[in-house]
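# Structural features, examined
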Amino acid sequence: ETGVTQTPRHLVMGMTNKKSLKCEQHLGHNAMYWYKQSAKKPLELMFVYNFKEQTENNSVPSRFSPECPNSSHLFLHLHTLQPEDSALYLCASSRNPSGYTFGSGTRLTVV
Amino acid sequence: TQLLEQSPQFLSIQEGENLTVYCNSSSVFSSLQWYRQEPGEGPVLLVTVVTGGEVKKLKRLTFQFGDARKDSSLHITAAQPGDTGLYLCAGAHNTDKLIFGTGTRLQVFP
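One structure accompanies this document, and this report is about it. (Residues numbered from 1 in each chain as written. Chains lettered and ligands numbered in written order. Predicted model: local features only at pLDDT ≥ 70, side-chain atom pairs only at ≥ 80, totals over all residues. Heavy atoms only, no water.)

### Side note on the side chain of D83(B)
All names here are of chain B. This is how it is decided: Numbering of helices and strands runs from the N terminus, with a helix taken as a DSSP run of H or I at least four residues long and a strand as a DSSP run of E at least two residues long. The cut-offs for exposure are 20% and 50% of the maximum accessible area for each residue type, with area from a 1.4 Å probe on protein chains only; residues under the lower value are buried, those over the upper are exposed, and the others partly exposed. For this analysis, residues touch if any pair of their heavy atoms sits within 4.5 Å.
If you trace the backbone, D83 turns up in the loop between strand 8 (71-76) and strand 9 (85-92). Judged by its relative accessible area of 4%, D83 is buried. Beyond its immediate chain neighbours, meaning those up to four positions away, D83 contacts R36, R60, I76, L106 and V108.

As C-alpha cells, then:
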C-alpha cells in the first residue's frame, strides 16, 4: 500500500466504450498527476492538478478528460480511445515541492 | 523539449557486482530524484538531491548530483537480485512538474 490507490488495476475496453480511472490519496498532498507509461518511452505527463485546479494539460487529446472533485480524488474519463492509447496509466500525488508518491497504475488495453 | 537521457538503457549483471547508472541533461534542475519501479507497480521514490555536488547514500546505493546540477549518477555496490527493476531519474525546475528520464532496466541474476 503506497498511500495512493488506483482502480481498476486492469482494464480492457473497446474503442467505442466509455470508462473512468480512479485515483485516491489520503496523504494530505495538494498536487495530483496523471502520467502515461508506454513501452520504450519515458513517463509522459498528462495532467497536473494543484489544490483541485488544473495547472497543466500536456497537449493531451480530448478523448482523455480529467476530473478533480477534491484534493484527495482524481479521475481520468476515457472515451473513443485508440489502440495506441494502450499503456500503464499512473497517478501520483505530492506536497510541493517534495517527491511524488505513485499508485500502482491501471494497465489499459484498448481493443 | 527537455530530455533526461539515462545510460545504459539495459543492464544485466551477476549478484555481487557493482554498477553505475547515469542521468544526463542539457538543462539545469533545481532538484533531481531517483525512483525504482518493479513490474506491475508504480515508481517508488529513492532519494532527492538538491545541491550541486551533493552525495547521498542509501545502504548500498550512492547518489550524486553533478556540480552544475545537469546530471546525476546512481552507483550500486554488491548488487542483489532484489535490486532488479526499472530505475528512473526525474528533474524538477522549481515547479510542481517532474521531467522523467528514459529509464535503466536492471536485472541482477543470483
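### Side note on the sheet that holds strand 1 (residues 5-7) of chain B
Residue and element names in this part refer to chain B. Put simply, the test is: By definition, two strands form a pair when at least two bridges between them are found by DSSP. What counts as an axis is a line fitted to C-alpha atoms, over the stretch in contact for a helix, and the angles between N-to-C directions run from 0 to 180 degrees.
Within the open sheet, the five strands sit side by side as 1-3-8-7-6. Their pairing is antiparallel. Each having just a single partner strand, strand 1 and strand 6 (55-58) make up the two edges of the open sheet. On average, adjacent strands in this sheet sit at an angle of 15° to one another, irrespective of strand direction. In this structure, strand 6 lies alongside strand 7 (residues 61-65), joined through four bridges in antiparallel fashion.

### What about the pairing of strand 11 (residues 106-110) of chain A?
Residue and element names in this part refer to chain A. Burial of strand 11 is one-sided: the residues T106, L108 and V110 facing one way are buried, the residues R107 and T109 facing the other way are not. Bridge analysis of strand 2 (residues 10-13) against strand 11 gives four bridges, and the strand direction is parallel. Along strand 11, the bridge assignment pairs H10 with R107. Strand direction decides the pairing type here: strand 9 (residues 87-94) and strand 11, joined by three bridges, are antiparallel. Paired with A87 across the two strands is L108, which belongs to strand 11.

### Focus on the environment of Q25(A)
All names here are of chain A. Quick reminder of the rule: Pairs of N or O atoms within 3.5 Å make up the polar contacts considered here, provided that, within protein, one atom can donate a hydrogen while the other can accept it, and that residues adjacent in sequence are counted only when both atoms are side-chain atoms.
Here Q25 lies in strand 3 (residues 18-25). Separated by 24 residues in the primary sequence, Q25 and Y49 place their C-alpha atoms 13 Å from one another. Within the structure, Q25 has its side chain in polar contact with the backbone oxygen of H29 (distance 3.0 Å). Only 2.8 Å separates the side chain of Q25 from the backbone oxygen of S71, close enough to count as a polar contact.

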